[in-house]
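# Overview (structure and organization)
The chain contents come next:
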Amino acid sequence: MMPHTRRTLSLLRGWSGVCRCQTGNQPSRTSSSSSSLFMASDSSRAGLILQSQSTDVYQNLALEDWIDANVDLQQRSILLLWKNRPAVVIGRHQNPWTECNLSAMRRAGIPLARRRSGGGTVFHDLGNLNLTFFTSKKAYDRQRNLKVITEALKLLRPGLDVQATDRLDILLNGHYKISGTASRLSRKSSYHHCTLLHSADRSALSTVLRPSCPGIHSNATPSVPSPVANLLDHAPTLQWEELLGGLMHQYNAEFGFSSALTLVNPTDESTFPGLSRTATELRSWDWTFGKTPKFSVQTLLDLTDGGTSACSSAQLHMEVKNGLIESCELDVPVDWLPRRLSSELTNTLVGERFCPHVAAAAVAALLRSESSELQARLHNLCDAVLSVMG
């Protein structure tokens, strides 16, 4: 193992250390490969500021998990700064079909990720800064963390009206949400993460944060829609380096640290052993969709026969558990389609993933087996059912 890697691992796993920060609000950057990252110091005052060099949402969420699992947060507090390429991130107990427009995301190539903390759904892109505050469970204080952000913004731009709310969001001018928040508490450790909208694509945000599936009934945690704004809309000269420097300065000031910014690469397995396995798990369908709380779908399907222009409707009722269709009922008028065929369709779907592509593959053989006179109507029914799945 290279000397700098040993030093970084030791640092993260609990050595006490402090880097001296430059004066002013410009961040002092130190690479994780530097030969002189940290000097020994009083561990009770040990703070650390990290910035991820990755913009992959799964790698950065896995980095959070790795720090929470491997760093002794009784001895050290950490602020992690990170940004992602466009992605939608849902809370641990949320339903993606009610939170986001999955078909629009597929068309735009925007991935979906489920984090391990609670809270609501957020849109990430390179104009959004994520901040994660790691501490011991005893030192967990979300209001104090948000104070770091609001005080930094007030110092950087005294004219900005920014306030933390009782819901632990941050509002601009008392109306526009610029930061959402969520947290995770373990037996001894905690982390609290929040967004900060600097220059995000609000058009993309409004497009993807819409429900995919009508008629869902669930106990999953719903998001609370709010009007949003970017800092750049109200402070057009506030650049990234200045924002990062201000946040670093205020974090150090609030908690009595003197840490500089250390760059880390979550893809470096020698520094973060096992992180790639966590990232792979977070990418998986079983985690992203399969961890959705049980829900039911009850909706009306509009049916049209393209050949005759005849119209009808059908009632669909599904129960979905672990992302799999547990039961399926279709009430289709018999003059539209023989009951045998609607029953065959429901039997085919039971046990399949609640996913249009997987379900389409499952019903393909059924579609091919029917005569041409019924195939069009069966095909239309299948399309209507699959469209419900986003």
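Residues numbered from 1 in each chain as written. Predicted model: local features only at pLDDT ≥ 70, side-chain atom pairs only at ≥ 80, totals over all residues. Heavy atoms only, no water.

## Structural notes on the overall build of the protein chain
Broken down by element type, the protein chain carries 13 helices and 17 strands. Out of the 390 residues belonging to the protein chain, those deemed buried represent 52%. Looking at the protein chain alone, contacts between residues at least 24 apart form 75% of all its contacts between residues at least 6 apart. (Helix = DSSP H or I, 4+ residues; strand = E, 2+ residues; numbered from the N terminus. Buried < 20%, exposed > 50% of the residue type's maximum accessible area, 1.4 Å probe, protein only. Contact = heavy atoms within 4.5 Å.)

## Re the packing of helix α2 (residues 57-70) against helix α9 (residues 275-283)
Contact geometry for α2 and α9: axes closest at 8 Å, N-to-C directions at 125°. In terms of orientation, α2 and α9 fall into the oblique class. Regarding α2 and α9, the two cross each other, and that crossing is right-handed. Packed against α2, whose contacting residues are Tyr58, Gln59, Leu61, Ala62, Leu63, Asp65 and Trp66, the element α9 presents Leu275, Thr278, Ala279, Leu282 and Arg283 at the interface. (Axes fitted to C-alpha atoms, helices over the stretch in contact; angles between N-to-C directions. Parallel < 35°, antiparallel > 145°, perpendicular 65-115°, else oblique. Left-handed = near helix turned anticlockwise from the far one by under 90°.)

## Remarks on the layout of surface pockets
In this model, the largest pocket occupies a volume close to 1,000 Å³. Lining the largest pocket we find 46 residues, and of these Gly120, Thr121, Lys177, Ser223 and Val224 sit closest to its centre. Residue assignment for the lining of the largest pocket shows that the elements contributing at least two residues are α3 (96-99), β6 (122-124), β7 (128-136), β10 (176-179), β11 (181-185), β12 (189-197) and α6 (202-208). For the lining of the largest pocket, the element with the most residues is β12, which contributes 4 residues. When the residues that make up the lining of the largest pocket are grouped by side-chain class, the tally is 19 nonpolar, 20 polar and 7 charged. (1 Å grid on protein atoms, 1.4 Å probe; cavity = no way out; pocket = protein on both sides within 12 Å on 5 of 7 lines; lining within 4 Å. Points joined across faces, edges and corners; volume = space filled by probe spheres on them. Nonpolar A, V, L, I, M, F, W, Y, C, P; charged D, E, K, R; others polar.)

## With respect to the sheet that holds strand β16 (residues 311-321)
If you walk across this open sheet you meet the 4 strands as β13-β15-β16-β17, and the pairing is antiparallel. The open sheet has two edge strands, β13 (216-218) and β17 (324-331), and neither has a second partner. Adjacent strand axes in the sheet meet at a mean angle of 15° when their direction is disregarded. Sheet analysis places β13 next to strand β15 (residues 295-304), joined by 3 bridges and oriented antiparallel. By the bridge assignment for β15, Ile216 is matched with Val297. Contacting β16 and β17, helix α11 (residues 339-349) crosses the sheet at an angle of about 170° to β17. (Pairing = 2+ DSSP bridges.)

## Here we look at the sheet that holds strand β8 (residues 162-164)
Hydrogen bonds between backbone groups are what pair the strands of a sheet, and the pairing can be parallel or antiparallel. The strand order across the open sheet formed by 3 strands is β8-β9-β10, and the pairing between neighbours is antiparallel. Whereas interior strands pair on both sides, the edge strands pair on one side only; in this sheet they are β8 and β10. Taking the axes of each pair of neighbouring strands and ignoring which way they run, one obtains an average angle of 35° across the sheet. Sheet topology places β8 next to strand β9 (residues 170-172); 3 bridges connect them, and they run antiparallel. Bridge pairing links Val162 to Leu172 in β9.

## Describing the pattern of salt bridges
Under the definition given, this model contains 15 salt bridges. The shortest N-O distance in the salt bridge between Arg144 and Glu254 comes to 2.7 Å. Of this pair, Arg144 sits in helix α5 (residues 142-156) while Glu254 sits in helix α8 (residues 240-255), and the two are 110 residues apart along the sequence. A salt bridge links Arg202 to Asp233, with the nearest nitrogen and oxygen atoms 3.3 Å apart. Note that Arg202 is positioned in helix α6 and Asp233 in helix α7 (residues 231-234), a separation of 31 residues in sequence. Via salt bridges that share partners, Asp56, Arg85 and Arg283 belong to a single interconnected network. (Salt bridge = Lys/Arg side-chain N within 4 Å of Asp/Glu carboxyl O.)

Nothing here speaks to function; it is geometry throughout.
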